[in-house]
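# Structural overview for review
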Amino acid sequence: MLQQLFSFKGGVKPDTNKAPSVQAPIGTAPLPRLLVVPLHQSIGGMPNPLVEAGDRVLKGQLIGSADQWLSSAVHAPTSGTVRAIEERVAAHPSGLPTLSVVIEPDGQDQWIERQPLDYQALEPERVREVLRDAGVVGLGGAVFPSHAKLSAAKAVAMEELVINGAECEPYMTCDDLLMRERADDIVRGSGIFRDLLQPKRVLIGIEDNKPEAAAAMKAAVERLGENFEVITVPTRYPAGGAKQLIRVLTGKEVPASKRSPEMGVQCFNVATAYTAWRAIAHGEPVLSRIVTLTGNVEQARNWDVLLGTPLRDFVALGQARPDTNGYLMGGPMMGFEMPGLDAPIIKATNCIIASSARLFPPPAPEMPCIRCGACAEACPHELQPFEMYWFARARNFGKTQEYNIFDCIECGCCSYVCPSHIPLVQYFRFAKSEIWSREREKAMADAAKARFELRNEREEREKAEKAERLAKAAAAKAAAKKPEPADNATPASATSGVDAPVDADPAAAKKAAIAAAMERARQQRESVQPKNTDGLSIAQRKEIAEIEARRAPLQARQTALDTENTEPQRTKSNDQ
Amino acid sequence: MNFTTPPYLIQDVSVQRIMLQVLAALLPGIAVYVWLLGPIVLLQIAIATIACVLAEAGMLKLLNKPLALFLGDGSAIVTAWLIALAFPPLSPWWLIVVGALFAIVVAKHLYGGLGQNPFNPAMIAFAVCIVSFPALMSQWPPVDLPGGFAEHLALVMGTAPRLDAMSGATPLDALKTALKLAEGTQAVPNILADARTFGHFAGRGWEWVGVAYLLGGLWLWQRRIISWHAPFAFLAGIGVLSGALWVVNPAGFASPIFHLFSGGAMLGAFFIVTDPVSGCTTPRGKLIFGFGAGALAYVIRVFGGYPDGVAFAVLLLNICVPLIDLYTQPPIFGMKNK
Ligand code: SF4
Ligand code: SF4
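One numbering rule holds for all chains: residues counted from 1, following each sequence as written. All chains are assigned letters beginning at A, and all ligands numbers beginning at 1, according to the order in which they are written. Local features in this predicted model are restricted to residues whose pLDDT is 70 or higher, and side-chain atom pairs enter the listing and the counts only when it is 80 or higher, whereas totals over whole chains, interfaces and linings include all residues. By convention in this description, side-chain values take in all heavy atoms of the structure and omit both hydrogens and water.

Quick look at the overall build of chain A now. For helices the rule is a DSSP run of H or I covering at least 4 residues; for strands it is a run of E covering at least 2, with both sets numbered from the N terminus onward. Along the backbone of chain A there are 15 helices and 17 strands. Once local pairs closer than 6 in sequence are excluded, the contacts in chain A between residues at least 24 apart make up 76%. For chain A, the accessible surface area stands at approximately 25,600 Å², while carbon and sulfur atoms represent 53% of it. We call two residues in contact when some of their heavy atoms are within 4.5 Å. The method behind every accessible area is Shrake-Rupley, applied with a 1.4 Å probe, and residues are considered shielded solely by the protein chains displayed.

Following this line, the structure appears as structure tokens:
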């Protein structure tokens, strides 16, 4: 069947440098001395720790439970003893610490009791829960919880399910090797997604520089009797961006303002499909992942690595050359420099590149923009990067939004082509975070204003109530007095005098009453805010309260990170 | 650590490399020019280059900008060469220097330097000089220029009187003058039949300079240094207007071919309206910018008082750039149906 391909505008073609790391099959990385498993490894809520120091854990045991619907569970990658639950340096450019479970492996690698499931016998909702509790998230780098992507839009029929094996970032080959070696399980996992989403077609997109992977996937599809279409797409960065691959395979352009199911399409990474199958059919939660170790090393190769393995232990497998000056996590286009050798391998780690001045020379000095338009031509989202740069530099953030800065996926194509060597992406990140922090400040100011107004209203209400009380008392007094005067003289002065305050301002009293009702409702709402501590033993509650307290100062930062990560357009090169 | 932000891979491009390729693309035109008029052309280029580079260095120093970095970008040299090629080849040296100073000091640095100038510096130089020294700026020597390099040098240095033999007119000007003298008794084809002045299709000798610029420009396009939009639209602007008038009244107007290969048309199309800094940035904007400049250049050159209209046309369109860009923003990914 001839598949009509579409094309996306822009993009670049850097050297792919993929050859060194595909020579050897996937190796299994040895057990490190210590595993540092961060609790927060996906987009969404921070999982709640379920173990404490000294506990013995089994391989696959839940150590962090999903905190809400948009969150994902975390498990012990091997059996051993929990040494601590503490802040450890995160695999994040900031290098700020994050709450992590430190496990000392006992070397026995003893599994929990695994429960293989026949997902076809399960309610779809149950399948999604299993995936959430198995910690299945987008392994292309975006780590978006997969179960949350497995519902079709209400009003739109699901037309295409796109399975992303494009892997467009240079150097990276983890998906390539996974497809070569474990194609059957990827196809089976795609089958789960297909059954949950009920699309008309399933399209597996692979860049044409991976013929072996494409052949393996085709063979697996045939072997398993599926009707999935394996389609090779032209190699051009960022063809593996979810939106770009959807465009190439279906012709649909998903704007930043929409979620792809609203356009009848959804996209998952091949490694995600693989882990989904392992989770359902084998009862194995996500404990490890394939990571490419390449760059300035003697032995470039893909490894099956336990999550939580410190970078130090992992990179030792590749024997970095002496002039290595750092390690990048992710590809050279969208990755970042690891904050140190103590940072662990996490679910988002698809590739580690040893860098050197030879591989990635320091950038030439930044020159003024000459408006050559090369960046606009290279931008896959068809933005005008130099205009956004201009306004970001001038701190005119409103204008950057007019030029659609939030449609920028930070793919780096613009910086890649800029003859003036302007770090454009950096300016865009700066502008975005400034805009977010301003919005947060504004929200806080609004909240403060609302509180202030509420207090004013309460005071007014109290005043009105007091007046009412006084008036009633006066009226009662007057009424009591009334029979006393024997004469028929109308107590005009008295009655009008006391009635007046009550009748004079019924509107204010009403307003005050409404305000009071609203305030009560608010307090009620707050008191029933879902607490996941409900139904736990007192000891557990106390413990969690302690952890909450420890977490509190971090929460602000965590929210910042979350916003950064969940920002709607943010897609890592290979997406979920 | 010397890198902290992605992307860590950067394409091997630089402003300097772009400018060097623009200079290289000018070489065929310069070669034909030298073949027509002799080494005096190279001398003028050298004078312009020295003047521009010194002016650039002085301004950078004055403004406290990194000297080596900005001198190395080569943009001042491109401006210099364009000035030397746009000015009459036997201009006195000081005329070129005045043009160069205006271009670099006023048009470029007073507006903020590289990347900031709203007007094309070389065209500012041309406009200022033709307004201030109209006679000198209109003296174009015939291609069978009498005298050798020594005589030319004396003229440029101002040590010899300027002879009539040395100061002719461009084919464009010659046509205009002939038409005026003939007062309607002569048809354009008859005038152009004089191959001594008008060559095969657009002025003896000069037409080949135009062809050489065209080749250089096509090379730049093939190298993706320039996009086709602005040059194509510029030539279309000249071609459509001249074509329409020529079809209606072939006796009164020269053919599009004549106009496309005369004067500053080819230099303007590939080296002036393609200036990224002072031109439009959106594809549709480039088309409007180019077409407007071409049409205006034609109107000025045929109906106006100056021998050629490219400089004024480009400067006028430069003013409109922000507006054109604003109204030609292309729709972004996912928003094409709105
Ligand atoms: S590529 Fe660089 S120099 Fe060219 S327009 Fe974009 S930001 Fe400016
Ligand atoms: S980083 Fe943003 S602006 Fe630059 S090319 Fe990518 S999407 Fe476009």
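Let's pick the thread back up.
Quick look at unusual backbone geometry now. With an omega of -5 degrees, the peptide bond running from Y237(A) to P238(A) counts as cis. As for its placement among the helices and strands, P238(A) is situated in the loop between strand 11 (229–233) and helix 5 (242–250). In this structure, P7(B) follows P6(B) across a cis peptide bond, with omega equal to -5 degrees. When you line up the elements, P7(B) lands in the segment before helix 1 (15–37). Within the chain, V143(A) stands out as a residue other than glycine whose phi angle is a positive 45 degrees.

Attention now goes to the packing of aromatic side chains. Any two of the Phe, Tyr and Trp rings considered here, Trp counted by its six-membered ring, make a pair once their centres fall within 6.5 Å; the pair's planes then place it as stacked at under 30 degrees, edge-to-face at over 60, or tilted in between. One pass over the full model with this rule turns up 16 aromatic pairs over all chains. Aromatic pair F406(A) and W436(A): ring centres 5.7 Å apart, planes at 50 degrees, arrangement tilted. Note that F406(A) is positioned in the loop between helix 10 (397–402) and helix 11 (413–417) and W436(A) in helix 12 (residues 424–481), a separation of 30 residues in sequence. Between buried and exposed lies partly exposed: a residue is buried under 20% and exposed over 50% of the maximum accessible area for its type, with that area taken using a 1.4 Å probe on protein chains only. Assessed through its relative accessible area of 17%, F406(A) is described here as buried. Judged by its relative accessible area of 17%, W436(A) falls in the buried class. Ring centres 6.1 Å apart and planes at 65 degrees place the aromatic pair Y213(B) and F271(B) in the edge-to-face group. On the criterion of sequence distance, the pair formed by Y213(B) in helix 12 (residues 206–222) and F271(B) in helix 15 (residues 265–272) is long-range, its members being 58 residues apart. Each member of the pair, Y213(B) as well as F271(B), carries the same accessibility label: buried. Taken together, the ring pairs connect Y171(A), F360(A) and Y8(B) into an aromatic cluster. In this scheme, Lys NZ or Arg CZ marks a charge over a ring once it lies within 6 Å of the ring centre and within 35 degrees of the ring normal. One Lys or Arg, R236(A), reaches over the ring of F8(A) and ends 4.3 Å from the middle of that ring.

Residue and element names in this part refer to chain A. According to the domain assignment, chain A contains domain 1 (19–107 + 118–355) and domain 2 (367–464). Where each domain begins and ends follows an automated or database-derived domain assignment. Here the C-alpha centre of domain 2 lies 30 Å away from the C-alpha centre of domain 1. Facing the eight residues of domain 1 at the interface are eleven residues of domain 2. Here the quantity called buried area is the accessible surface, traced with a 1.4 Å probe, that two parts lose on coming together, added over both. Of the roughly 680 Å² buried between domain 1 and domain 2, counting both surfaces, carbon and sulfur atoms make up 60%. When the buried surface of domain 1 facing domain 2 is broken down by residue, Q244, M333 and M334 rank first, second and third, together holding 51% of it. Think of a polar contact as two N or O atoms within 3.5 Å of one another; within protein, one of them needs to be a possible hydrogen donor and the other a possible acceptor, and neighboring residues in sequence only count if both atoms come from side chains. In this assembly, domain 1 and domain 2 are joined by two residue pairs in polar contact (both at pLDDT 80 or more).

A cutoff of 4 Å decides nearness: a residue is near a molecule or strand if any of its heavy atoms lies inside that distance of it. In the region of ligand 1, 13 residues are neighbours, and C369(A), C372(A), G373(A), C375(A) and C418(A) sit closest. In this classification, Asp, Glu, Lys and Arg are treated as charged, Ala, Val, Leu, Ile, Met, Phe, Trp, Tyr, Cys and Pro as nonpolar, and every other residue, Gly included, as polar. Across the shell around ligand 1, the residue classes tally to ten nonpolar, two polar and one charged.

Glancing now at the sheet that holds strand 6 (residues 74–75) of chain A. Residues and elements named next belong to chain A. Note on pairing: DSSP must find at least two bridges between two strands before they are called paired. Pairing is antiparallel in the open sheet, where three strands are placed in the order 3-5-6. Either end of the sheet is taken by a strand with one partner, and the two such strands are strand 3 (48–49) and strand 6. Relative to strand 6, strand 5 (residues 62–65) is paired through two bridges, and the arrangement is antiparallel. Paired with L62 across the strands is H75, a residue of strand 6.

Right, let's talk about the pairing of strand 14 (residues 301–306) of chain A for a bit. Residue and element names in this part refer to chain A. Burial analysis of strand 14 places five of its six residues in the buried class, the great majority of the element. Of the strand pairs in this sheet, strand 1 (residues 27–28) and strand 14 are connected by two bridges, and their pairing is parallel. Residue T28 lies in a different strand from strand 14, and its bridge partner there is D304. As judged from the six bridges shared by strand 13 (residues 288–295) and strand 14, these two strands associate in the antiparallel manner. Paired with R289 across the two strands is V305, which belongs to strand 14. Linking strand 13 back to strand 14 in an antiparallel pair, the connection comprises five residues.

What follows concerns the packing of helix 3 (residues 183–197) of chain A against helix 4 (residues 211–223) of chain A. In a pair of packed helices, the angle between the axes and the distance between the axes together describe the arrangement. Residue and element names in this part refer to chain A. Running from N to C, helix 3 and helix 4 point in directions that differ by 60 degrees, and their axes come no closer than 8 Å. Our classification of the angle between helix 3 and helix 4 gives oblique. In the packing of helix 3 onto helix 4, the handedness of the crossing is right-handed. In contact with A183, D184, I186 and V187 of helix 3, helix 4 contributes A216, M217, A220, V221 and R223. For the contact of helix 3 with helix 4, the per-class residue count stands at seven nonpolar, no polar and two charged. Angular values range over 0 to 180 degrees, each being the angle between N-to-C directions of two axes fitted as lines to C-alpha atoms, with helices fitted over their stretch in contact. Orientation labels follow simple angle bins: below 35 degrees gives roughly parallel, above 145 gives roughly antiparallel, 65 to 115 gives roughly perpendicular, and whatever is left gives oblique. The sense of a crossing depends on the near helix, which, turned anticlockwise from the far helix by less than a right angle, makes the crossing left-handed and, turned clockwise, makes it right-handed.

Residue and element names in this part refer to chain A. Residues of chain A with pLDDT of at least 70 account for 83%, and the chain-wide mean is 85. pLDDT under 50 marks residues 484–504. Its contacts with residues more than four places away, or in other chains, come to six contacts. Known as pLDDT, the predictor's per-residue confidence is scaled from 0 to 100. Across residues 551–576, where pLDDT falls below 50, the model places 75 contacts with residues more than four positions away in sequence or in other chains.

This part takes up the packing of helix 3 of chain A against helix 6 (residues 270–282) of chain A. Residues and elements named next belong to chain A. Axis separation between helix 3 and helix 6 bottoms out at 7 Å; the angle between their running directions is 80 degrees. Taken together, the axes of helix 3 and helix 6 are roughly perpendicular relative to one another. Contact residues: helix 3 offers D185, I186, R188, G189, S190, I192 and F193, while helix 6 offers V270, T272, A273, Y274, A276, W277, R278 and I280. Within the contact of helix 3 with helix 6, the residues separate by chemical class into nine nonpolar, three polar and three charged.

Looking now at the site of ligand 2. What surrounds ligand 2 is a group of 13 residues, the closest being C379(A), C408(A), C411(A), G412(A) and C414(A). Secondary-structure elements contributing two or more residues to the shell around ligand 2 are helix 9 (385–393), helix 11 and helix 12 of chain A.

Moving on: the pairing of strand 15 (residues 326–329) of chain A. Residues and elements named next belong to chain A. Of the two faces of strand 15, the one carrying G326 and L328 and the one carrying Y327 and M329 are both buried. Here strand 15 pairs with strand 17 (residues 351–355) via four bridges, running antiparallel. Note that in strand 17 the partner of L328 across the bridge is I353. Looking at chain direction, strand 15 and strand 16 (residues 336–337) are connected through two bridges and run antiparallel. For M329, the partnering residue across the bridge sits in strand 16 and is F336. Hairpin connection between strand 15 and strand 16: a loop of six residues separates the two successive antiparallel strands, and G330 in this loop has a positive phi of roughly 95 degrees.

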